[in-house]
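Spelled out from the first residue to the last, the chains are:
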Amino acid sequence: MDETTVTRLYRESMMGLCLDQALAELSVRHGLSTELHEDTMAQFDHEMHAALEKQVGPAATVRGRIVCFKYFMNTWTFHLQPGFVTWDRPSNAHSWVRFEKLRLVLADKVKVRLNN
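Model, not experiment: these values are computed from the prediction.

J.: Give me the lowdown on helix α2 (residues 34–54), citing residues and values where you can.
T.: In this model, α2 (21 residues) spans 31 Å end to end at C-alpha, consistent with the 30 Å of a helix rising 1.5 Å per residue. Buried within α2 we find H37, M41, A42, F44, D45 and M48. The arc that holds every buried residue of α2, seen down its axis, measures 155 degrees, which confines them to one face. Away from the buried face of α2 by more than 90 degrees, exposed residues E35, E53 and K54 are located.

And the structure:
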């Protein structure tokens, strides 16, 4: 693989953690190289990003009073109350949901450079 920029965000998903654990077990039991382990995880990141990019749903708008917000380790957390969420449907119909309290967690893309 050439030097590429990959998104590591999906490694913390349940699927990413399971893959990492299975690769670690292969390393211990069958001598899978660290390089092949990391290449496999990089490919997983790339494929997850590509698949989810195609499966993005409709845009949503969140409105409410921000009670508290924080930014820690590339993650934003917002606590809102009360408010509503609206989103556009493909049929041009608008949908909405009202909430009393909402915790919104958003992750930044974390990028690393791999030298292979």
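Next, the rest of the story.
J.: An account of helix α1 (residues 14–30) is requested, with residue identities and associated values reported.
T.: Relative to the 24 Å expected for 17 residues at 1.5 Å per residue, α1 spans 24 Å between its end C-alpha atoms, a close match to the ideal helical length. Positive backbone phi, at 75 degrees, marks G31, one or two positions downstream of α1.

J.: Account for the pattern of salt bridges, with residues named and values stated.
T.: In this structure the tally under the stated criterion is two salt bridges. Notably, a salt bridge pairs R29 with E25, separated by 3.4 Å at the nearest N-O pair. Taken together, the residues R29 and E25, both in helix α1 and four residues apart, mark about one turn of the helix. Of the residues examined, R29 reaches a relative accessible area of 61% and is grouped as exposed. On the basis of relative accessibility, which here comes to 41%, the residue E25 falls in the partly exposed class. For R98, the salt bridge identified is with E100, shortest N-O distance 3.9 Å. Here R98 matches E100 in class, with each residue exposed.

J.: Would you mind going over the packing of aromatic side chains in detail, with residue names and values included?
T.: How two aromatic rings sit relative to each other is set out by the distance from centre to centre and by the angle between their planes. The final tally for this structure, using the stated rule, is four aromatic pairs. When the centroid spacing of 6.4 Å and the interplanar angle of 35 degrees are considered together, the rings of F69 and W76 count as tilted. Consider the rings of F69 and F78, whose centres lie 6.2 Å apart with planes at 25 degrees: the pair is stacked. On the basis of relative accessibility, which here comes to 52%, the residue F69 falls in the exposed class. Joined through ring pairs, the aromatic side chains of F69, Y71, W76 and F78 make up one cluster.

Criteria and cut-off values
Residues numbered from 1 in each chain as written. Predicted model: local features only at pLDDT ≥ 70, side-chain atom pairs only at ≥ 80, totals over all residues. Heavy atoms only, no water. Helix = DSSP H or I, 4+ residues; strand = E, 2+ residues; numbered from the N terminus. Expected span 1.5 Å × (residues − 1). Buried < 20%, exposed > 50% of the residue type's maximum accessible area, 1.4 Å probe, protein only. Arc of directions from axis to C-beta. Salt bridge = Lys/Arg side-chain N within 4 Å of Asp/Glu carboxyl O. Phe/Tyr/Trp six-rings, centres within 6.5 Å; stacked < 30°, edge-to-face > 60°.

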